[in-house]
Amino acid sequence: MSRKTLALFDPTLVKPAIVDSFKKLDPRLQWRNPVMFVVYVGSILTTVLWAQALGGQGEAPASFILAVALWLWFTVLFANFAEALAEGRSKAQAAFLRGAKKTVVAKRLREPRYGTPVDLMSGTDLRRGDVVLVETGDMIPADGEVIEGVASVNESAITGESAPVIRESGGDFSAVTGGTTVLSDWIVVRVSVNPGEAFLDRMIAMVEGAKRQKTPNEIALTILLVALTIIFLGVTVTLLPYSIFGVAVAKAGSPVSITVLVALLVCLIPTTIAGLLSAIGVAGMSRMMQANVIATSGRAVEAAGDVDVLLLDKTGTITLGNRQAAAFLPAPGLTEHALADAAQLASLADETPEGRSIVVLAKQRFNLRERDIHALGATFIHFSAQTRMSGVNLDGRQIRKGSADAIRQYVEALEGGFPSPVTQTVNEVAGRGSTPLVVADGAKVLGVIELKDIVKGGIKERFTELRRMGIKTVMITGDNRLTAAAIAAEAGVDDFLAEATPEAKLALIRQHQAEGRLVAMTGDGTNDAPALAQADVAVAMNSGTQAAKEAGNMVDLDSNPTKLIEIVETGKQMLMTRGSLTTFSVANDIAKYFAIVPAAFVTTYPQLAALNVMGLASPASAILSAVIFNALIIIFLIPLALKGVKYRPLGAAVLLRRNLLIYGLGGVIVPFVGIKLIDMLISLAGWA
Amino acid sequence: MTPHAWLLLGLYLFILLALVKPLGIYIANVMEGRSWALRVGGPIEAIIYRLGGVRKERTMGWLQYALALLLFNTLGVFAVYALQRLQLWLPLNPQQMANVGPDSAFNTAVSFVTNTNWQGYAGETTMGYLTQMLALTVQNFLSAATGIVVVIALIRGFARHTAQDIGNAWVDLTRVTLYVLLPLALIFAVFLVSQGAIQNFAPYQDVATLENATQTLAMGPVASQEAIKMIGTNGGGFFNANSAHPYENPTPLTNFFQMLSIFLIPGALCYTLGRMVGDTRQGWAVLAAMAIIFVVAAVAAIAFEQQGNPLFAAADVDQTASATQAGGNMEGKETRFGIADSGLFATLTTAASCGAVIAMHDSFTPLGGMVPLVMMQLGEVVFGGVGSGLYGMLVFAIMAVFIAGLMIGRTPEYLGKKIEAYEMKMTAIAILVTPLLVLGGTAIAVMTAAGQAGIFNPGPHGFSEVLYALTSAGNNNGSAFAGLSANTPFYNVMLAIAMWFGRLAVIMPVLAMAGSLAAKKRLVATAGTLPTHGPLFVTLLIGTVLLVGLLNYVPALALGPMVEHFMLWAGR
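All figures in this text were calculated on a predicted structure; none of them were measured in a lab.

1. Overview of the overall build of chain B
A tally of regular secondary structure across chain B gives 20 helices and four strands. The dimensions of chain B, computed from C-alpha atoms along their principal axes, are 70 × 55 × 45 Å. Every one of the 572 residues in chain B was classed for burial, and the buried ones make up 65%. Residue pairs in contact within chain B that sit at least 24 positions apart in sequence constitute 78% of those at least 6 positions apart. For chain B, the exposed area adds up to about 18900 Å²; of that, 68% sits on carbon and sulfur atoms. In chain B, which carries 25 positive and 25 negative side-chain charges, the distance between the mean positions of the two groups comes to 20 Å.

The following block contains the structure:
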């Protein structure tokens with residue numbers, strides 16, 4: 001889908017996000033994020049202390065308490081802003097999708113078959129089970145299944161792909177999506193969803209975050225963050241008695257103020273990750289949408305990051321969906337040249353990749369130039385869903401090419417015969433894993449064109465990449481073992497399953513799962529549905545059947561099977577961003593201790609000034625600097641949270657070392673520098 | 001660090017690491033029920049089961065296992081309490097020791113059952129021989145066995161594939177005691193006796209000293225209690241002077257083997273872990289993380305003590321080590337052992353949750369004394385108590401892989417098991433409990449008159465004394481900083497609470513985790529799996545232990561030993 005991609009801090013997003021940041025101060029919303037709720041309570045508490053100080057009974061100078069209180073409020077607002085910004089982006093996507101939802105006039109059939117009278121009604125009133133007729137130029141009013149007829153459909157509103165697709169009753173191409181348009185012929189569709197449950201509705205609901213639930217890892221991480229918060233709450237609360245005792249025995253200074261303790265608490269608890277946690281989740285779903293994938297849940301996206309084994313269908317994924325001409329195999333008594341000549345003529349107007357490849361092969365083999373089709377005065381017969389043939393009428397000749405069955409019907413209708421040697425050739429070609437295409441001139445069969453699988457360019461590199469990510473690839477094909485092995489070797493997959501039946505697929509998935517692996521697969525056919533249901537991550541092609549889509553936990557709108565790789569990366573990115581920011585957040589605490597602990601107790605024990613390694617100007621500016629750093633870091637990390645930590649296909653250990661160095665070691669060092677800089681600014685400006 | 005200290009540390013580690021593998025294999029075989037020893041002891045085992053009505057083939061889910069241990073430990077508290085309260089009327093009390101007071105008896109009962117062995121009393125003036133043997137020594141065995149079976153249950157959780165049970169608590173306790181603890185204790189006790197440790201039921205002896213004064217020498221069945229005190233990382237001394245007493249620890253050789261026996265089972269259990277999960281590298285990695293933290297700490301403790309006291313230097317006292325003197329800070333140290341042994345022993349006994357001492361930790365330099373404090377505050381996971389050290393470390397490992405797993409974009413897994421929300425919840429409870437007990441307890445003590453009454457020293461050192469006591473109790477170490485008169489109803493009750501919850505509130509979530517892990521599938525390691533056996537993981541584990549374990553205590557440490565250190569060196 002060609003959507004406008006908005007800049008990270010696009011003004012149209014930032015303004016409503018700022019407004020939302022304040023709206024999110026509602027305590028009922030704050031309560032959902034326990035860590036930030038602690039900051040929220042701290043902000044209120046310091047504000048009350050400030051009011052008290054204004055009344056002349058302050059525990060510290062009112063200006064200092066005010067400064068701390070203000071920056072604590074900013075911390076809460078910054079976290080709100082991050083979340084609002086991520087949600088804003090999703091809402092923009094939802095608004096775009098809603099644009100695709102138009103009111104359509106539906107032609108409901110009184111009886112579920114073609115030719116019965118129709119009632120005109122609004123598409124939004126259709127219920128599951130209604131049967132509608134859709135004719136050339138009509139928009140399909142709702143998701144459903146073709147029960148009669150064949151038509152070419154433009155699905156670009158959903159997929160962004162402009163080439164029309166064939167939809168017909170029965171088989172794997174019977175599902176149609178509301179909002180797409182029939183270009184030719186007619187179909188009778190049985191509606192499969194009630195209003196509000198349609199595909200577009202689900203997409204909109206998902207991106208709007210209405211159904212967003214915490215993913216399992218997010219829950220586990222929240223538990224850890226809450227535990228850390230409770231510990232640090234214990235640490236700061238007990239500091240007050242320690243300080244009172246210290247003052248009593250040292251007979252110097254005054255006990256630490258509540259304001260300082262709140263400041264220390266907020267600095268220690270993992271606010272950085274907690275403030276950005278929900279933004280990371282929303283942004284992850286939003287990235288999936290940009291990749292044109294609809295996931296039924298965040299759980300599925302996250303599971304994608306854990307995949308160990310990838311099952312890929314050969315056709316369309318590993319090889320080009322369209323096979324290419326590799327040989328001309330003439331019928332007995334004919335030369336290869338004559339066959340090539342006829343084949344080329346039949347393919348001149350055929351713009352499909354297969355047709356083009358025949359023209360190219362004819363030129364390579366016999367230097368047959370492409371002839372000017374208009375000069376020949378030929379009539380071209382285009383491929384149609386009914387005849388399953390294409391060809392040309394020229395000088396009384398009627399050259400046709402098509403599948404063996406279609407040509408057999410054609411020549412037999414013209415009272416010609418289908419020679420048995422050609423049948424044998426057809427079987428041989430099929431046995432090799434190639435596709436036979438038969439050419440006939442009128443009632444006479446000329447021979448067979450062998451169409452071979454061509455491994456997609458660049459696919460080998462992607463498999464190497466997957467191997468580095470630790471993911472094993474398995475090619476699934478209905479071909480025999482020999483063909484499968486040849487293609488598997490050429491494509492560089494780790495393993496293959498030849499002569500795959502739905503049962504064999506299911507068994508393979510179960511076997512991998514029993515060995516403790518997580519399996520992902522893509523599929524589109526009804527016979528894929530059991531395997532899709534069994535797989536841990538199942539991506540159904542949007543072009544596939546309703547059964548396949550319901551069995552999967554994701555739908556790829558582009559129907560691009562290699563999309564799975566992007567899905568895996570997005571899943572991993574979401575986890576990595578959370579993990580890295582958690583590490584960063586906890587590592588920050590070291591510097592904050594060095595800033596706050598000496599400042600808080602220096603009046604009682606002046607010797608603790610030795611711990612002020614950053615040389616911060618005064619106790620007040622040290623505490624303030626730490627609080628300001630803690631708030632600002634959330635803003636600075638918003639881009640990272642929304643874009644995600646960059647994923648590189650490296651081994652686990654290399655990746656960990658890298659991220660530990662950047663976010664662990666970086667998390668230790670950055671706050672030392674940041675706090676020092678802020679302190680210098682504060683003391684320069686003379687604020688504290 | 002003198003050459004002697006380096007040599008001592010090197011030799012210690014060498015012998016320890018050489019013993020880890022054979023003992024680790026033996027423990028694994030015993031716990032998996034396929035050791036030769038089981039055939040030898042089979043008849044005895046069978047009698048015990050018949051007496052206890054135990055059906056050994058009946059397995060337990062985690063909750064049943066946990067309740068069995070809870071029941072077992074609770075009964076232990078009652079038994080130890082009763083024996084102390086009634087000792088005057090029971091046999092084997094030649095000195096006619098009075099019945100112990102209720103709060104002290106309660107404290108000691110909890111202390112020995114929880115493998116803490118905090119001693120608010122002085123052994124030779126409080127406990128009769130029967131109490132020492134039947135109450136304290138028995139619990140030395142049983143509390144050690146409790147720790148070991150918990151970690152074995154956790155290891156089974158990792159090793160088993162979609163299992164509903166984690167073993168049978170009664171069988172595990174019996175086998176650990178019968179085949180691991182008893183033989184080791186027997187060998188060690190005989191060795192101690194050969195070196196001069198006493199073992200008798202004689203009344204106390206009055207002897208004339210060289211100055212013609214009369215001194216009373218305490219007697220008793222010492223060697224048998226001493227052996228399990230070290231091997232089971234219990235640490236509760238027969239005498240008040242603990243391992244500094246010549247009857248407990250007669251020679252430098254016994255001292256060396258006492259030190260060795262502290263880390264023996266905790267170290268071997270790491271190998272048992274690797275063996276039981278089918279990848280010994282996993283065990284070595286955990287052991288390496290423990291060993292690295294320990295070596296750094298030991299070197300620091302010895303170095304700080306050898307450095308001496310700057311105030312003495314100002315008074316022209318020579319504190320350098322030479323052939324004729326130990327040098328450094330010798331205050332509170334046993335002259336037989338000197339600085340290197342005292343520093344090493346102090347680190348060992350606090351790294352493992354042993355708590356036996358050969359020197360007064362209270363008299364260490366501020367930073368030298370901070371080392372034992374920090375070792376305990378890390379959660380007793382650097383070797384730690386028998387069993388408890390490893391399960392504590394595994395909790396940290398789970399946390400480390402959780403964060404690391406996220407960082408590489410996978411649902412975290414450790415030893416083939418996925419770490420999910422339930423495990424994180426249990427991990428959170430396990431790491432939360434102890435710091436809250438320690439910090440909260442210290443806060444209560446310094447705020448109440450009853451708590452302040454026990455503090456001997458002024459200023460930050462007094463604060464360190466309280467912090468040390470609570471740290472020692474909450475982490476089930478049992479060593480004392482001294483300088484705090486803790487045998488008062490206030491401290492007896494408060495420390496007992498800290499010991500009980502510091503032990504069982506960690507064991508419960510660990511067993512719950514064992515149950516949930518056992519029920520999960522074992523995943524195979526692929527190229528995408530985070531390897532948990534290399535230097536990277538060891539570094540990560542150390543980092544997690546230090547960051548999560550220590551961050552909680554930084555302010556408290558700053559107000560105690562750190563400020564004392566700065567004051568000392570500023571000449572105050």
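Read on for the rest.
2. Focus on the pairing of strand β1 (residues 205–208) of chain B
In the sheet, β1(B) pairs with strand β2 (residues 214–217) of chain B via four bridges, with the strands oriented antiparallel. Looking at β2(B), one finds that B:V207 is bridged to B:Q215.

3. Quick notes on empty space enclosed by the protein
Residues and elements named next belong to chain B. If you walk through the whole model with that rule in mind, you get ten cavities of 30 Å³ or more. Around the largest cavity, the lining comprises 27 residues; the ones closest to its centre are G379, A430, T434, N475 and V506. Breaking the lining of the largest cavity down by element, the ones donating at least two residues are α14 (388–407), α15 (421–447), α18 (489–518) and α19 (535–551). The dominant element in the lining of the largest cavity, judged by the number of residues it contributes, is α14, at six residues. Among the residues forming the lining of the largest cavity, the class breakdown is twelve nonpolar, 13 polar and two charged.

4. Side note on the packing of aromatic side chains
Under the criterion given, the structure shown has 28 aromatic pairs over all chains. A centroid spacing of 5.3 Å and a plane angle of 70° characterise the contact between B:F191 and B:F257, whose relative ring orientation is edge-to-face. Of this pair, B:F191 sits in helix α7 (residues 169–195) while B:F257 sits in helix α9 (residues 252–276), placing them 66 residues apart in sequence. For B:F191, a relative accessible area of 22% puts it in the partly exposed group. Relative to B:Y491, the ring of B:F490 has its centre 5.0 Å away and its plane inclined at 85°; by these criteria the two rings are edge-to-face. Members of the aromatic cluster, joined through ring pairs, are B:Y12, B:F188, B:F191, B:F256, B:F257, B:F263, B:F294 and B:F383. Of note, A:R408 hangs over the ring of A:F418, and the distance from its end group to the ring centre comes to 4.5 Å.

5. Let's talk about the side chain of B:E248
Residues and elements named next belong to chain B. Examined against the element boundaries, E248 turns out to sit in the loop between α8 (222–231) and α9. Residue E248 is classed as buried on the basis of its relative accessible area of 0%. Within the structure, the side chain of E248 is placed 2.7 Å from the side chain of K229, a separation counted as a polar contact. Polar side-chain contacts of E248 include one of 2.7 Å to the backbone nitrogen of F238. What E248 contacts, discounting residues up to four positions off in sequence, is L192, V222, E226, K229, G237, F238, F239, N242, S243 and Q258.

6. Notes on the packing of α14(B) against α18(B)
Residue and element names in this part refer to chain B. Contact pair α14 / α18: the axes reach a minimum separation of 11 Å and the direction vectors enclose 60°. In this view, α14 runs oblique relative to α18, as classed from their interaxial angle. The two elements α14 and α18 meet at a crossing, and its hand is left-handed. Side by side, α14 and α18 meet where S388, Y391, V395 and I398 of the first sit next to R503, V506, I507, V510 and M513 of the second. Each residue belonging to the contact of α14 with α18 can be placed in one class, and the counts come to seven nonpolar, one polar and one charged.

7. Some thoughts on the environment of B:D362
Residue and element names in this part refer to chain B. One can find D362 in the loop between α12 (338–351) and α13 (366–377). Judged by relative accessible area, which is 15%, D362 ranks as buried. For D362 and I398, which are 36 residues apart along the polypeptide, the C-alpha to C-alpha distance reads 35 Å. Here D362 is in contact with N457, H461, E465, F481, A482 and G483, once residues within four sequence places are set aside. Side-chain polar atoms of D362 contact the side chain of H461, separated by 2.6 Å.

8. Remarks on the environment of B:F238
Residue and element names in this part refer to chain B. Mapped onto the elements, F238 comes out in the loop between α8 and α9. According to the relative accessible area criterion, F238 is buried, its value standing at 2%. Taking the C-alpha atoms as reference points, F238 and G123, 115 residues apart in sequence, are found 5.5 Å from one another.

9. Let's talk about the sheet that holds strand β20 (residues 554–556) of chain A
Residue and element names in this part refer to chain A. Reading across the sheet, the seven strands line up as β8-β20-β19-β18-β9-β16-β17 and stay open at both edges, with mixed pairing between neighbours. In this open sheet, the two strands that pair with only one neighbour each are β8 (293–295) and β17 (495–497). Averaged over all adjacent pairs, the angle separating strand axes in this sheet is 20°, with direction ignored. Summarising the sheet, strand β9 (residues 309–313) and strand β18 (residues 519–523) pair through three bridges and their orientation is parallel. By the bridge assignment for β18, V309 is matched with V519.

10. Observations regarding the packing of helix α6 (residues 129–159) of chain B against α8(B)
In a pair of packed helices, the angle between the axes and the distance between the axes together describe the arrangement. Residue and element names in this part refer to chain B. Following both chains from N to C, one finds α6 and α8 inclined at 25°, their axes separated by 9 Å at the closest point. The angle between the axes of α6 and α8 places the two elements in the roughly parallel class. The hand of the α6/α8 crossing is left-handed. Touching Q132, L136, T137, N140 and F141 of α6 are S224, Q225, I228 and K229, all from α8. Counted by class, the contact of α6 with α8 contains three nonpolar, five polar and one charged residues.

11. Quick look at the confidence of the model for chain A
In the predicted model, chain A carries a mean pLDDT of 84, and 92% of its residues have values of at least 70. Here helix α5 (residues 156–159) of chain A stands out as the least confident element of chain A, with mean pLDDT 65; helix α8 (residues 258–268) of chain A is the most confident, with 94.

12. Re the sheet that holds strand β15 (residues 444–452) of chain A
Residues and elements named next belong to chain A. Judged by pairing direction, the sheet is antiparallel, and its six strands sit side by side in the order β10-β15-β14-β13-β12-β11 without closing on themselves. Single-partner strands in this sheet number two, and they are β10 (324–330) and β11 (379–381). Averaged over all pairs of adjacent strands, the angle between strand axes in this sheet comes to 20°, irrespective of strand direction. Bridge analysis of β11 against strand β12 (residues 389–394) gives three bridges, and the strand direction is antiparallel. Its bridge partner being in β12, F380 is matched across the sheet by V392.

13. Some points on the pattern of salt bridges
Where charged atoms of side chains with opposite charge meet at close range, the side chains can pair. In this structure the tally under the stated criterion is 27 salt bridges over all chains. Among the salt bridges present, the one from A:R467 reaches A:D494, with a minimum N-O distance of 2.7 Å. With A:R467 in helix α16 (residues 459–469) and A:D494 in the loop between α17 (481–491) and β17, this residue pair connects regions lying 27 residues apart in the sequence. Among the ionic pairs, B:K520 bridges to B:E423, the shortest N-O distance being 2.9 Å. Placement of B:K520 in the loop between α18 and α19 and of B:E423 in helix α15 is noted, with a sequence separation of 97 residues between them. Assigned by exposure class, B:K520 and B:E423 land together as buried. Overlapping salt bridges, with partners in common, bring together A:K24, A:E83 and A:E87 in one network.

14. Considerations on the nonpolar core
Counting residues in each nonpolar core, the largest one holds 330 residues, and the members touching the most others are B:F294 and B:Y414. Among all residues touching B:F294, those that are not within four sequence positions of it are B:L9, B:Y12, B:L13, B:F263, B:L344, B:T347, B:L348, B:A351, B:M375, B:V382 and B:F383.

15. Things to note about the pairing of β15(A)
All names here are of chain A. Counting buried residues in β15 gives seven out of nine residues, a clear majority hidden from the surface. As defined by bridge partners, β10 adjoins β15 across six bridges and the pair is classed as antiparallel. Note on β15: the bridge partner recorded for P330 is G447. Alignment of strand β14 (residues 435–441) against β15, held across seven bridges, turns out to be antiparallel. Each residue of the ladder has a partner; that of L437, found in β15, is I449.

16. Considerations on the interface of chain B and chain A
Every contact between the two is made by 58 residues of chain B and, on the other side, 58 residues of chain A. Both sides together, the interface formed by chain B and chain A hides about 5100 Å², and carbon and sulfur atoms give 78% of it. For the pair chain B and chain A, the interface holds one salt bridge. Between A:D308 and B:R410 there is a salt bridge whose closest N-O contact spans 3.1 Å. Viewed at the interface, chain A and chain B are joined by seven residue pairs in polar contact (both at pLDDT 80 or more).

The rules we used
- Residues numbered from 1 in each chain as written.
- Chains lettered and ligands numbered in written order.
- Predicted model: local features only at pLDDT ≥ 70, side-chain atom pairs only at ≥ 80, totals over all residues.
- Heavy atoms only, no water.
- Helix = DSSP H or I, 4+ residues; strand = E, 2+ residues; numbered from the N terminus.
- Buried < 20%, exposed > 50% of the residue type's maximum accessible area, 1.4 Å probe, protein only.
- Contact = heavy atoms within 4.5 Å.
- Areas by Shrake-Rupley, 256 points an atom, 1.4 Å probe, with all protein chains shown as cover.
- Lys, Arg positive; Asp, Glu negative; His and termini not counted.
- Charge placed at Lys NZ, Arg CZ, Asp CG, Glu CD.
- Pairing = 2+ DSSP bridges.
- 1 Å grid on protein atoms, 1.4 Å probe; cavity = no way out; pocket = protein on both sides within 12 Å on 5 of 7 lines; lining within 4 Å.
- Points joined across faces, edges and corners; volume = space filled by probe spheres on them.
- Nonpolar A, V, L, I, M, F, W, Y, C, P; charged D, E, K, R; others polar.
- Phe/Tyr/Trp six-rings, centres within 6.5 Å; stacked < 30°, edge-to-face > 60°.
- Lys NZ or Arg CZ within 6 Å of the ring centre and 35° of its normal.
- Polar contact = N/O pair within 3.5 Å; in protein donor to acceptor, adjacent residues only side chain to side chain.
- Axes fitted to C-alpha atoms, helices over the stretch in contact; angles between N-to-C directions.
- Parallel < 35°, antiparallel > 145°, perpendicular 65-115°, else oblique.
- Left-handed = near helix turned anticlockwise from the far one by under 90°.
- pLDDT = per-residue confidence, 0-100.
- Salt bridge = Lys/Arg side-chain N within 4 Å of Asp/Glu carboxyl O.
- Core = buried A, V, L, I, M, F, W, Y, C linked by side-chain atoms within 4.5 Å.
- Buried area = accessible area lost by both parts, 1.4 Å probe.

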